[in-house]
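Coordinate analysis (summary)
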Amino acid sequence: MLEIAKQVLNMINNNGYKAYMVGGFVRDYLLGIESNDIDITTSATPKQLQEIFQDIDLSSEEYGSVTLMVHKIRFEITTFRKEIQYIDNRKPLEVEYIDDLYQDLQRRDFTINTICMDKNLEIIDPLNGRIDLERRIIKTVGDADAKLEEDSLRILRAIRFSTNLGFCLSNEVELAIKKNKHLLKKLSYNRKKQELDKIFANKNAMQGIQLLLRFHLEKELELERLKDIKNTDSLISVWSILNVIDIYPFNNSEKELITSINQALKLNNLDPKVLYDYGLYVNSVAGAIKGIDKKKITEAYNSLKIHSKKELEITSEEIMELLKKGPGEYLTKIYKDIENKILYGTIDNQKEEIKNYILGKY
């Protein structure tokens, strides 16, 4: 991955422009953490980059960025810039291209994200981000209050970095979060969810949740049930407890899953009918939330006599022929009855036994 990154930097350098790896990749590299994407900062403008690389995505050109894919590695390449006046506590009103790395780094959020690396893997660190990396502290570039007011998403980013890296927040950042937390209400739910997903999906998720609660952000984020989260077995389990599908953006599959988990939470997740109706995954998530051993749920599910309607040893055509009736709603009623009887062991899943039961009852 580094070799490919060096090649990209070389191509930009060979065309007369400055270019450095920057941000999360360099930070994680120094911490020994594997990264997938690489950010590059350069003196080349998007149009100049287009002349160097033919296959670039210019969809973010208005923000001074282009995206380049090389051997399945994603490079986000951004021109040195100065951001002039933010609107809605999130977006810069105007972007001005510059030819000064130091000035470009000044616009960034946290010092640990300002460390650069050139094509020779030499570290360039004018803002002393490496010191804060070694001190394991989240500190803003410049005045914390101004940085968080300028872009309120940085509140959640600070908590995310603290959670994922196990770092402390500086006193200045903590004070700035308390002062500016009301600005989170102006952020789009999509942007908030992206950051919250990264917090909730991390192995240190409970630490992040405790930070959110410590700063009383549940009100601003409209996560009233945040205090009810006792374990973070999976990302979907956290969102299921929070149950905010009518507020935050979820696709239809996620909404259905969260709804099913919340229904299963009210039921006995070891009961044969509940296991049959909701399936192993939903019951496992609901069980984990309630502290039920996943192994017990898996064993109970595997021991079911049937796992779906397809496994029944009788078809709807055979039932109609047996009762000498045409199609109708009665078939659904009979199927449910047979499923229950088989699941609870009253009858076996054998064609003749099922037929005898139907004839005796219907």
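Residues numbered from 1 in each chain as written. Predicted model: local features only at pLDDT ≥ 70, side-chain atom pairs only at ≥ 80, totals over all residues. Heavy atoms only, no water.

A look at the packing of helix H13 (residues 272-290) against helix H14 (residues 294-302)
The interhelical angle for the contact between H13 and H14, taken along N-to-C directions, is 170°, at an axis separation of 9 Å. When the axis of H13 is compared with that of H14, the two are roughly antiparallel. Where H13 abuts H14, its residues Leu-275, Gly-279, Leu-280, Asn-283, Ser-284 and Gly-287 lie against Lys-294, Ile-297, Thr-298, Ala-300 and Tyr-301. By residue class, the composition of the contact of H13 with H14 is 5 nonpolar, 5 polar and 1 charged. (Axes fitted to C-alpha atoms, helices over the stretch in contact; angles between N-to-C directions. Helix = DSSP H or I, 4+ residues; strand = E, 2+ residues; numbered from the N terminus. Parallel < 35°, antiparallel > 145°, perpendicular 65-115°, else oblique. Contact = heavy atoms within 4.5 Å. Nonpolar A, V, L, I, M, F, W, Y, C, P; charged D, E, K, R; others polar.)

Concerning the pairing of strand S2 (residues 37-42)
Of the pairings in the sheet, the one linking strand S1 (residues 19-22) to S2 comprises 4 bridges and is antiparallel in character. Of the residues in S2, the one forming a bridge with Tyr-20 is Thr-41. As defined by bridge partners, S2 adjoins strand S5 (residues 73-79) across 6 bridges and the pair is classed as parallel. In the sheet register, Thr-42 faces S5, and the bridge partner there is Thr-79. (Pairing = 2+ DSSP bridges.)

Examining H13
The end-to-end C-alpha distance of H13 is 18 Å, clearly below the 27 Å that 19 residues give at a rise of 1.5 Å each. At Gly-279, H13 shows its maximal kink, close to 110°. The N-terminus of H13 is capped by Asp-271, whose side-chain oxygen sits 3.0 Å from the backbone nitrogen of Lys-273. Looking at the residues trailing H13, positive phi occurs at Gly-291, about 85°. (Expected span 1.5 Å × (residues − 1). Bend = angle between axes of the 7 residues up to and from the residue. Polar contact = N/O pair within 3.5 Å; in protein donor to acceptor, adjacent residues only side chain to side chain.)

Focus on unusual backbone geometry
Backbone geometry at Lys-72 places phi at a positive 65°, although glycine is not the residue there. With respect to the helices and strands, the residue Lys-72 is situated in the loop between strand S4 (65-70) and S5. The class of Lys-72 is exposed, set by a relative accessible area of 81%. Positive phi, close to 60°, is recorded for Glu-222, a residue that is not glycine. Along the chain, Glu-222 falls in the loop between helix H10 (205-214) and helix H11 (235-242). Glu-222 gets classed as partly exposed once you look at its relative accessible area, which sits at 29%. (Buried < 20%, exposed > 50% of the residue type's maximum accessible area, 1.4 Å probe, protein only.)

Re the packing of H11 against helix H12 (residues 252-265)
Where H11 contacts H12, the two axes come as close as 9 Å, and the packing angle between them is 70°. Taken together, the axis directions place H11 and H12 in an arrangement best described as roughly perpendicular. When the axes of H11 and H12 are compared, the crossing they make is right-handed. Residues Ile-236, Trp-239 and Ser-240 of H11 form the contact with H12, whose participating residues are Leu-257, Ile-258, Ile-261 and Asn-262. (Left-handed = near helix turned anticlockwise from the far one by under 90°.)

Side note on the sheet that holds S2
Where strands meet in a sheet, backbone hydrogen bonds hold them as pairs that are either parallel or antiparallel. In spatial order, the strands read S3-S4-S5-S2-S1-S8-S9; together these 7 strands make up an open sheet with mixed pairing. Two strands bound the open sheet, and with one partner strand each, they are strand S3 (56-57) and strand S9 (123-124). Bridge count for S3 against S4 is 2 bridges, and the pairing is antiparallel. Looking at the pairing, Asp-57 lines up with Thr-67 of S4. Contacts from helix H1 (residues 2-14) reach S1, S2, S4, S5 and strand S8 (116-117), with the element oriented near 150° to S1. Along the sheet face, helix H2 (residues 24-31) touches S1, S2, S8 and S9 and points at about 60° away from the line of S1.

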